[in-house]
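# Structure at a glance
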Amino acid sequence: MKPHPRSLLGTDHLTVPEIEAILKLARRMDPKRAPQLLRGKRVVLLFYEPSTRTRTSFEFAMTTLITATSSSIEKGESLIDTGWTVTSLGADAIVMRHPSSGAPYLLSRFIPVPIVNAGDGLHQHPSQALLDALTITNHKKRLKGLRVVIVGDIFHSRVARSNAHLLSKCGAEVILCGPPDLAPDVAETLAPGITVCHDLDVALLGADVVMSLRIQKERLAGKQISLEDYIAQFQVTPQRMRLARPDAIVMHPGPIVRGLEIANEVADGPQSCVHEQVANGVKTRMAILATVLKAVQ
Ligand code: NCD
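Bear in mind that the values here come from a model prediction, so they are computed numbers and not experimental data. (Residues numbered from 1 in each chain as written. Predicted model: local features only at pLDDT ≥ 70, side-chain atom pairs only at ≥ 80, totals over all residues. Heavy atoms only, no water.)

A few words on the overall build of the protein. In terms of regular secondary structure, the protein is built from 13 helices and nine strands. Here the C-alpha radius of gyration of the protein, 19 Å, is about what a compact globule of 297 residues would show, namely 19 Å. Seen through its C-alpha atoms, the protein measures out along the principal axes to roughly 55 × 40 × 35 Å. Taken across its 297 residues, the protein has 54% of its residues classed as buried. (Helix = DSSP H or I, 4+ residues; strand = E, 2+ residues; numbered from the N terminus. Rg over C-alpha atoms; globule rule 2.2 N^0.38 Å. Buried < 20%, exposed > 50% of the residue type's maximum accessible area, 1.4 Å probe, protein only.)

Right, here's the structure in full:
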């Protein structure tokens, strides 16, 4: 079976007009009116991985929503059987997070309802990239021509991958930055307009947007770079931010490991948009659900 045509599995398959339509709709969304707009629709959340921001904002984006996290999954039911169960119960769409890359793609080949990927393994996190694009466009007129630096553990980051596809598609210059172990040169082949840089000071020169990503200490084990060297070379600090444009914005998808990938002064500073990103998550996910459920024309 082909995936439902309105499934949102990744940003690589989205067209620029589709991205723009979701952002336009998200800007119009009033979080308090969402239940009316999506009234009567049933969305099931299948979260096989913990989540705070993503899950809560999908929950706030809908009220008539069923959250199927525990019982059947814990009882060892297969993903496809769980998908069929919730579809037979009458779900209009499934929002799914899974630790295995590709899991929502697999399910979408068996289940006739749209699936929204809320993060799959190391692969894609399209709703995060869309809320990030909404946040950027609230501060900058357009994505085209912007210099966006994404710094951190690029290799393991579905946020980096989804953002790199979306932003390069929309004409931004995307610089993926980190030590060679975490930002391999091959990442340049993801899409046109993407470069890899192993020197944060060089990457930051003239940056319009600086997106910091979480570093999981355990992922540095066995890597060439030590934790101390990572902090010395790649932490986003107030000094380094002076290399970026004075009106540059700072982003982080969360959860933030303070004092590791980003200094407190930057995370809490005037250029930081991290709280705005979280707030935009609700509007963006309302727009995504409305699009997927065809609740708007
Ligand atoms: C991200 C994720 O889960 O991929 N978080 C999020 O959705 N806000 C990033 C991360 O966990 O580091």
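Still more to cover.
Counting 57 residues, the largest nonpolar core has V95, L130, I150, L166 and L289 as the members making the most contacts within it. Looking at this core element by element, the count peaks at seven residues for helix 13 (residues 274-292). Counting only domains with at least three residues in this core, you end up with domain 1 (16-124 + 279-292) and domain 2 (127-274). Among residues more than four places away in sequence, those in contact with I150 are A160, N163, V174, I175, L176, C177, M211 and L213. (Core = buried A, V, L, I, M, F, W, Y, C linked by side-chain atoms within 4.5 Å. Domains from an automatic or database assignment. Contact = heavy atoms within 4.5 Å.)

To continue, consider the site of the ligand. In the vicinity of the ligand, the residues found are R53, T54, R97, H125, Q128, R158, V159, R214, P253, G254 and P255. T54 places a side-chain nitrogen or oxygen 3.0 Å from an oxygen atom of the ligand. For the ligand, a nitrogen atom lies 2.9 Å from a polar atom in the backbone of P253. Within the complex, 86% of the 320 Å² of free accessible area of the ligand lies under protein. Elements supplying a minimum of two residues to the shell around the ligand: helix 3 (53-61) and helix 8 (158-169). (Near = heavy atom within 4 Å. Polar contact = N/O pair within 3.5 Å; in protein donor to acceptor, adjacent residues only side chain to side chain. Areas by Shrake-Rupley, 256 points an atom, 1.4 Å probe, with all protein chains shown as cover.)

Attention shifts here to the pattern of salt bridges. Per the stated rule, a full pass over the model turns up nine salt bridges. Put simply, R158 and E49 hold a salt bridge, and the shortest N to O gap is 2.9 Å. With R158 in helix 8 and E49 in the loop between strand 1 (43-47) and helix 3, the pair connects residues that are 109 residues apart, well separated along the chain. Accessibility expressed as a relative area gives 13% for R158, which makes it buried. Take E49: its relative accessible area is 21%, and that puts it in the partly exposed class. A salt bridge links D247 to R245; the nearest nitrogen and oxygen atoms lie 3.2 Å apart. Taken together, the shared-partner salt bridges in this structure form one network comprising K140, D208, R245 and D247. (Salt bridge = Lys/Arg side-chain N within 4 Å of Asp/Glu carboxyl O.)

Okay, the domain arrangement of the protein next. One can read the domain layout of the protein as domain 1 (16-124 + 279-292) and domain 2 (127-274). For domain 1 versus domain 2, the distance between C-alpha centres works out to 26 Å. Across the boundary between the two partners, domain 1 contributes 22 residues, which contact 22 residues of domain 2. Summed over both partners, the interface of domain 1 with domain 2 comes to about 1,900 Å²; 59% of that surface belongs to carbon and sulfur atoms. Residue assignment for the side of domain 1 that touches domain 2 shows that the elements contributing at least two residues are helix 1 (16-28), helix 3, strand 3 (93-98), strand 4 (115-120) and helix 13. (Buried area = accessible area lost by both parts, 1.4 Å probe.)

Tracing the backbone shows T195 in strand 7 (residues 194-197). T195 gets classed as partly exposed once you look at its relative accessible area, which sits at 36%. Residues T195 and L289, spaced 94 residues apart in sequence, show a C-alpha to C-alpha distance of 32 Å. Once residues within four sequence positions are removed from consideration, T195 is found in contact with V174, I175, L176 and E188.

Our next topic: the side chain of R240. For R240, the position within the fold is in helix 11 (residues 238-241). Classification of R240 by relative accessible area gives buried; the value is 13%. If near-sequence neighbours (up to four positions away) are discounted, R240 is found in contact with L200, D201, L204, I231, A232, Q233, F234 and Q235.

Turning to unusual backbone geometry, a few remarks are in order. Between G254 and the following residue, P255, the backbone shows a cis peptide bond with an omega angle of -10°. Looking at the element boundaries, P255 is found in the loop between strand 9 (249-251) and helix 12 (264-267).

Relative to the elements of secondary structure, D12 occurs in the segment before helix 1. Using a relative accessible area of 28% as the deciding quantity, one classes D12 as partly exposed. Between the C-alpha atom of D12 and that of R161, which follows or precedes it by 149 residues, the distance is 9.1 Å. Those residues in contact with D12, other than ones at most four positions away along the chain, are Y105, Q124, H165 and K169. Polar contacts involving the side chain of D12 include one to the side chain of Q124, which spans 3.4 Å.

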